[in-house]
Structures are given as structure tokens and as C-alpha cells.
Amino acid sequence: MREINRASAIRAEGLSKIYREGATELRALQEVDLEVRAGELTLLMGPSGSGKTTLLSILGCILRASEGNLEILGEDVSALREKELPRIRREAIGFVFQGFNLFPALTAAENVALALDVRGVRGGDARQQGEELLAEVGLAEKARSFPADLSGGQKQRVAIARALAGNPPILLADEPTAALDWTSGRTVIELLQRLAREQGRAVVMVTHDPRVLSFGDRIIHLEDGRIVREEAGASKAIASLAFLEGLPGQGSIQAVGL
Amino acid sequence: MGLLARRNLFHDKVRFAVTLTGIVFALVLIIIQFGLFLGFTTTTSNNIDHSNADLWVVFHGVGYFDMGRNFSERKFYQVLSTPGVERAEKYMQAFARWKRPDGRVENVQVIGFHPGSGLGEPWNMVQGSVADLKQEDSVIVDELYREKLGVERIGDRIEIGDHRARVVGFTRGIRSFTTSPFIYAKFKNSLDYTNPESSEDSTAYILVKASAGITSQELQRRLRERLADVDIYTTAEFSRKTRFYWMFTTGAGLAVLTAALLGLVVGVAVVAQTIYAATMDHIREYGTLKAMGATNRYLYRVLIEQAVWSALLGYGLAMIVAHFIVQASEKGGAIILMPWSMSLGMLILAVVMCVAAALVSINKVTRIDPAMVFRG
């Protein structure tokens, strides 16, 4: 198990993203300051068009910010050249997508092995690590199944196993429960929570689903490309509540954002 | 990455079948067009290339085989007396009227030569022999033209230029580029068939064999010094001139060449479209790979491996199809040739076309829109 370290995994300062089309200018992100800490499940919430996916893309080094600085695990990636960004993604970040984005022609084990192959792990090592990762998400028995033969929840768990290939300290998940029923979604969110809390990974998850709020350690609200509110997640709030309620002289305290 | 390339290719069998069909169609189209072009050019110079001669002496200004013009046989003796000439033979080519047994008339090209000389003889005999032409008024025709010439078997009697003649043999695959089939006869008879008024002391060509130890070029130089009013070509030169004439002086050759080039363009377009579509079908997967940290080089290798597999499988199937078409063409009026050099060229072309088409689409992958990766 990874040693839990609440150090900053991602630090963003003044991130802006401007899309230009002819004379038209669209500010998708505006001066976003953000710190994502290891060992926490951070939820990004906001209405459609609020910049969640743009922010996730920038944090994942897929998209470059127009302005601002971004540090991943202490390395200033804003200063890196475009061709150096794949290395950051390979070494530091795992992605989980709403639509799973599994390779339909590959089995579950091969999907995970492919992510290892991208990182230069091949042959027996890749097979062994792939099996271990599938076992970690509870799908060891589905190693030889193709995505078409898996349920939505199982697909997303395979996608998480794939995101864990190379043991990245950061996981970025884009609405991973959106396409799932609540039972499957709950399994997935619990898995992500466990990966954050027990393995010390920094997990950032974009979501619209209010049912997952209770699993988050921090909730960041975006509107019109700006962070408008940040609050402790329900679990922390509840913990705080219990702590405060234990103090003498305190009455009822309502945890924000619940 | 090799696994992904192969699995992507074979996973969607319908898509794979469509891809292969596109590649096979394109390659077969190119093979047929260029095979026709090659067959066409080869046909125009067939008699020269199979003459077994080193040099051709032709009337001055004759630019190609089918326009032979007679000149005095004094030149023939001058040739024979030239040091370095091992042997020389008179050779005839002229058009004549062929009257079938049923009375219908066809135009033919009569080739006159000396049977047994080893120079200018027909080849690929399937019935009878060249020596049978030593009999008076006997001819050899190609089996391709049995129906056109109204003959079925050895012994059939016809008329050529008002002279009665008898079929004594059949060749296989000696086509004429014109609509007039070649008819082989001994030299003396060929004069009777083509121009009874002409003197026996004339010839349209002199075929020359050089002695051992002397090059064709050296003998050509010697003959040029001794003979006036004639042109002296090496066999390769005269073959080239004849091919060039039919290919570039007549519209027919250009038409075949244009068709071949159009076949290439259409073929390339079909393959490009097919491979491009197959790549774009997986664009989301390539985007995911990129998000996972795959370098452009990694993506290139996946795409190239996929394209090479497509090319090799498409090429294999195309060769099988082309083989049957080429075989069928041997019995038809127009021959399609597919020498090994063309087969090799097609393999290279298939790989280059498929890889180039795949690389065109990689621009889409390398300039990926992150929203596409995250879209559900």
C-alpha cells in the first residue's frame, strides 16, 4: 500500500483557457487556482459548460492552458514542451472516462496490458501486473472477457484497472458513474475512494451525480470557468460535525454542500 | 502494440472485409491496366524480340516493324560478306488478303522467313513444326485466330492473295497488335502471297547474327560503313522503336497508357479512402492511447503495422484474383502480362499506398481534441 502523504499532487495557479475562432473568443477557464492533494478524492462539480472537462484536460496534460502555471508532482509542466507531456501522462496520471474507452478488440487483461505496453512493460511482467490490477478491482475472473461481454460497472472497473497501470499517483476520472446504475456506480466510487484513501493517490473526479457527494473529501464547484465554491466533502463534514458536536456549548451545525 | 494493430484489423470482420475488398479492387485494377499496357507493348514487338537476331537491316526510314518496305537483296550479300557476320537471312513482313474456306475475307500479316535458319521463326508451336513450312504453299497460324481465320486443324485449305495454301501448324499466344493476325510462311511463298509482282530478289528485312567474339554494336558499325540507303538497328533498338511508335505515335498506345495511369490514380484513391476510413473508425481509441501517454511514435507504429497487415493480406488476395484474370487473358484477344517485376512492384505499391493513407489520417490523431476523449 502507498504511504499516505497529503502533499500536493497538482498545483494550479491562474489557469485560463481561451478558445479563439475568428474574432470570437471563448473563455472556458478563468484564473483557476487549485490544489489537489494526495490521499483525497476531489470532486469537480458544475453545470454543463462550466469548464470541468477543460480543467480536467489541462490537469491531465492533454490540453495546455492559455495562461497560468501547472505543477504535477512538483514539476512545472507549463514550461515543458508539447512532446514531453506524454511522459508526464505515462508516469503520473491515469485516466478514467465516462464512456469507458476500452478497446473493444482486446480482452480485459489485454486492455490493461496495452496501458502497460505504452509504459514499456511487456511480456510476462505485463501479464502478471495486468492480472494483479484486475484482481485489485475485483475482476480477476473476467480477464479473458471482451468489453462487449461485460456489464457497465465491470467495464468501468476494467478502465480503472487500466488507469492504474504504471501505478500513477494521480487518477483523473470524467463522470465515471454517469453511465452506470447506482449499484454499479457505488462500486466504482467506493473503489476510487479506496484508491485515494488507502493507496494515497490523488483522485479527481468530475461528476454531476449528487449521490456521490458523500464519498468526496473535497468538492469544488465551477461556474462559467471559475471556481465559485470549495467545500469539504460530506465524509469530512460529517467527521467535522461529529468533532464539533462533541465540543461543549455547540448546537446544531449544518455541513455545507450536503 | 502489435496485438492492438492485428486485433483492430480482424475484430470487425465486415469492416475488415470492406478494407480488403477495397485494396484488392485497387490492386487488381492497377495490375490489369498495367498488364494490358505491358501486353500491348510486348505484342507490338513480339516478332522482333523472338527473332534470335542480333541486328536488323531495314529500308532507310522504316520506323517500326509493321511498315516493312522491300529493298534489293544485293544488300543481303553485302551483309553476308561483312566480317563478323555469322549468318544472315532475308525476312518479310507484309499485309495480304486471307480467304477463309467459307469465302469470307480477312486481312493478315504475312511473315516470311527461311525455316530451319533459326532466325525469325515462329515460337510456341503446339501443333506441327516450323520445318513443315518447307513444303510448298504451307502456312502456320496462331490458335487464337482459328475462328477468325476459319481454320480448325492442320490440313485446312485457304487462299492467301489468290494463292492456295494449307495450314501445317499452330502456335500459341502469338498475337498481333493490329486486327490482322500473323501468318508464317517460307520466304518465297510470303512474296507470292503479299505481292506476286515483286521480284524474288528483294526483301523487307535482313536478320543478322553476329559471330562469336564480336558485339552487336561493333558489327552494327561495320555494316553502317558498308551499306547505304538502309538503317541498321540492334534487335533491342528496333524493338524499342516499334514499341515507341505504337505507344506514343498512335492514339491507341496513349489510350492504354492513360487507362493504366487512371487505374493507378483510382486504385490509390480507393486504397487511401479505405484505409483512411478504417483508421478513422478507431480514432477514439487512438485518442485514448494518447491520453494514456502513448507517444506519436507509438501511434505511428500501431497505424503502420495495421496498414502493412492490410497491404500484405490485400496483396495476397489480389495476386490470386489477378492470376486467374491473367490466365483467362491468355485465351483472349488482349494479353495481360504480369511479370515478377510487376508483382514485386505491386507489393511495394500496396504497402506504400496503405501506409501513406494511414499516415494521412494520423494527423487527426496527433491533433486530437481532448473533449473527444472525455466525451461519453
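Residues numbered from 1 in each chain as written. Chains lettered and ligands numbered in written order. Predicted model: local features only at pLDDT ≥ 70, side-chain atom pairs only at ≥ 80, totals over all residues. Heavy atoms only, no water.

(A) Representation of the overall build of chain A within the structure. Looking only at helices and strands, chain A has seven helices and ten strands in total. Looking at chain A residue by residue over its 258 residues, the buried ones come to 52%. Of all intrachain contacts in chain A linking residues separated by at least 6 positions in sequence, the fraction that spans at least 24 positions is 70%. Only carbon and sulfur atoms are counted for the fraction: they give 47% of the accessible area of chain A, which is about 11300 Å². (Helix = DSSP H or I, 4+ residues; strand = E, 2+ residues; numbered from the N terminus. Buried < 20%, exposed > 50% of the residue type's maximum accessible area, 1.4 Å probe, protein only. Contact = heavy atoms within 4.5 Å. Areas by Shrake-Rupley, 256 points an atom, 1.4 Å probe, with all protein chains shown as cover.)

(B) Layout of the overall build of chain B. Along chain B, the regular secondary structure elements total 13 helices and twelve strands. C-alpha extents for chain B along the principal axes are approximately 90 × 50 × 35 Å. Burial analysis of chain B (376 residues in total) assigns 52% to the buried set. Averaging the coordinates of the 40 positive side-chain charges in chain B and doing the same for the 34 negative ones gives two points 9 Å apart. (Lys, Arg positive; Asp, Glu negative; His and termini not counted. Charge placed at Lys NZ, Arg CZ, Asp CG, Glu CD.)

(C) Quick look at the packing of aromatic side chains. Residues and elements named next belong to chain B. Within the structure shown, the criterion is met by 21 aromatic pairs over all chains. Each ring, one from Trp56 and one from Phe238, has its centre 5.3 Å from the other, and the planes form 40°; the classification is tilted. A residue pair is termed long-range when its members are at least 10 positions apart, and Trp56 in strand E1 (residues 55-59) and Phe238 in helix H8 (residues 235-249) qualify at 182 residues. For the ring pair Tyr205 and Phe238, a centre distance of 5.8 Å and an interplane angle of 55° mean the geometry is tilted. With Tyr205 in strand E11 (residues 205-210) and Phe238 in helix H8, the pair connects residues that are 33 residues apart, well separated along the chain. (Phe/Tyr/Trp six-rings, centres within 6.5 Å; stacked < 30°, edge-to-face > 60°.)

(D) Structural detail: the packing of H8(B) against helix H9 (residues 251-281) of chain B. Residues and elements named next belong to chain B. Following both chains from N to C, one finds H8 and H9 inclined at 75°, their axes separated by 4 Å at the closest point. Taken together, H8 and H9 sit at an angle that is classed as roughly perpendicular. Note on element contacts: H9 touches H8 through Gly251, Gly253, Leu254 and Leu257, opposite Trp246, Met247, Phe248 and Thr249. Here the contact of H8 with H9 is composed, by residue class, of five nonpolar, three polar and no charged. (Axes fitted to C-alpha atoms, helices over the stretch in contact; angles between N-to-C directions. Parallel < 35°, antiparallel > 145°, perpendicular 65-115°, else oblique. Nonpolar A, V, L, I, M, F, W, Y, C, P; charged D, E, K, R; others polar.)

(E) Molecular detail of the sheet that holds strand E7 (residues 170-174) of chain A. All names here are of chain A. As summarised here, the arrangement of the six strands in space is E6-E7-E8-E3-E9-E10, forming an open sheet in which the pairing is mixed. Looking at which strands have only one partner, the edges of the open sheet turn out to be strand E6 (93-96) and strand E10 (226-232). With strand direction ignored, the average angle separating the axes of adjacent strands in the sheet is 20°. Sheet strands touched by helix H1 (residues 52-59): strand E3 (41-45), E6, E7, strand E8 (202-206) and strand E9 (218-223). Its angle to E7, the strand with the most contacts, is close to 155°. Packed on one face of the sheet, helix H6 (residues 182-197) meets E3, E7 and E8 and runs near 150° to E8. (Pairing = 2+ DSSP bridges.)

(F) Molecular detail of the confidence of the model for chain A. Looking at chain A, the pLDDT average stands at 85 and 88% of residues meet or exceed 70. The model gives residues 237-258 of chain A a pLDDT under 50, and that stretch makes ten contacts with residues more than four places away or in other chains. (pLDDT = per-residue confidence, 0-100.)

(G) Looking closely at empty space enclosed by the protein. Residues and elements named next belong to chain B. Taken as a whole and judged by the stated rule, the model has three cavities of 30 Å³ or more. Taken as a whole, the largest cavity spans an internal volume of roughly 60 Å³. Lining of the largest cavity is provided by Asn8, Leu9, Arg15, Phe16, Thr19, Ala278, His282 and Gln306. Secondary structure elements with two or more residues in the lining of the largest cavity: helix H1 (2-11) and helix H2 (13-44). Element by element, the count of residues in the lining of the largest cavity is highest for H2, at three residues. The computed volume of the second largest cavity comes to approximately 50 Å³. The wall of the second largest cavity is formed by Leu9, Thr19, Ile275, Ala278, Thr279, Leu303, Gln306, Ala307, Ser310 and Ala358. Where the lining of the second largest cavity is concerned, the elements lending two or more residues are H9 and helix H11 (296-329). Among the elements that make up the lining of the second largest cavity, the one with the highest residue count is H11 (four residues). (1 Å grid on protein atoms, 1.4 Å probe; cavity = no way out; pocket = protein on both sides within 12 Å on 5 of 7 lines; lining within 4 Å. Points joined across faces, edges and corners; volume = space filled by probe spheres on them.)

(H) Here's a closer look at the confidence of the model for chain B. Across chain B, pLDDT averages 87, with 97% of residues at or above 70. Predicted confidence in chain B is weakest over helix H13 (residues 370-374) of chain B, with a mean pLDDT of 65, and strongest over strand E6 (residues 138-142) of chain B, with 95.

(I) The arrangement of the packing of H2(B) against H8(B) in detail. Residue and element names in this part refer to chain B. The contact between H2 and H8 brings their axes to 8 Å, and the two run at 130°. Our classification of the angle between H2 and H8 gives oblique. In this structure, the crossing between H2 and H8 has a hand that is right-handed. In this structure, H2 contributes Phe37, Phe40, Thr41, Thr42 and Thr44 to the contact, and H8 contributes Thr242, Arg243, Trp246 and Met247. Residues that form the contact of H2 with H8 fall into these classes: four nonpolar, four polar and one charged. (Left-handed = near helix turned anticlockwise from the far one by under 90°.)

(J) Representation of the interface of chain B and chain A. In this complex, chain B contributes 21 residues to the contact, which on the side of chain A involves 28 residues. Buried surface at the junction of chain B and chain A, both sides included, amounts to about 2300 Å², of which 67% is carbon and sulfur. In terms of surface lost to chain A, no three residues of chain B exceed B:Arg7, B:Met292 and B:Phe374, which account for 33% of the buried area on that side. The interface formed by chain B and chain A includes one salt bridge. (Buried area = accessible area lost by both parts, 1.4 Å probe. Salt bridge = Lys/Arg side-chain N within 4 Å of Asp/Glu carboxyl O.)

(K) Geometry of the environment of A:Glu136. All names here are of chain A. Here Glu136 shows up in helix H4 (residues 123-136). Looking at Glu136, the relative accessible area reads 27%, which means it is partly exposed. Between the C-alpha atom of Glu136 and that of Leu191, which follows or precedes it by 55 residues, the distance is 9.4 Å.

(L) Focus on the nonpolar core. One finds A:Leu134, A:Ile160, A:Leu192 and B:Leu289 to be the most contacted residues of the largest nonpolar core, which totals 79 residues. In contact with A:Leu192, other than residues within four places in its own chain, are A:Ile160, A:Leu171, A:Ala173, A:Pro176, A:Val203 and A:Met205. Residues A:Leu34, A:Ile58, A:Leu80 and A:Ile93 belong to the second largest nonpolar core, which totals 36 residues. (Core = buried A, V, L, I, M, F, W, Y, C linked by side-chain atoms within 4.5 Å.)

(M) Expanded view of the pairing of strand E4 (residues 67-72) of chain A. Residues and elements named next belong to chain A. In terms of strand pairing, strand E1 (residues 8-21) meets E4 through five bridges, oriented antiparallel. Bridge pairing in E4 links Ser16 to Glu67. Bridge count between E4 and strand E5 (residues 75-76): two bridges; the pairing is antiparallel. Each residue of the ladder has a partner; that of Ile72, found in E5, is Glu75. Counted along the chain from E4 to the antiparallel partner E5, the turn is two residues long, and its residue Leu73 has a positive phi close to 50°.

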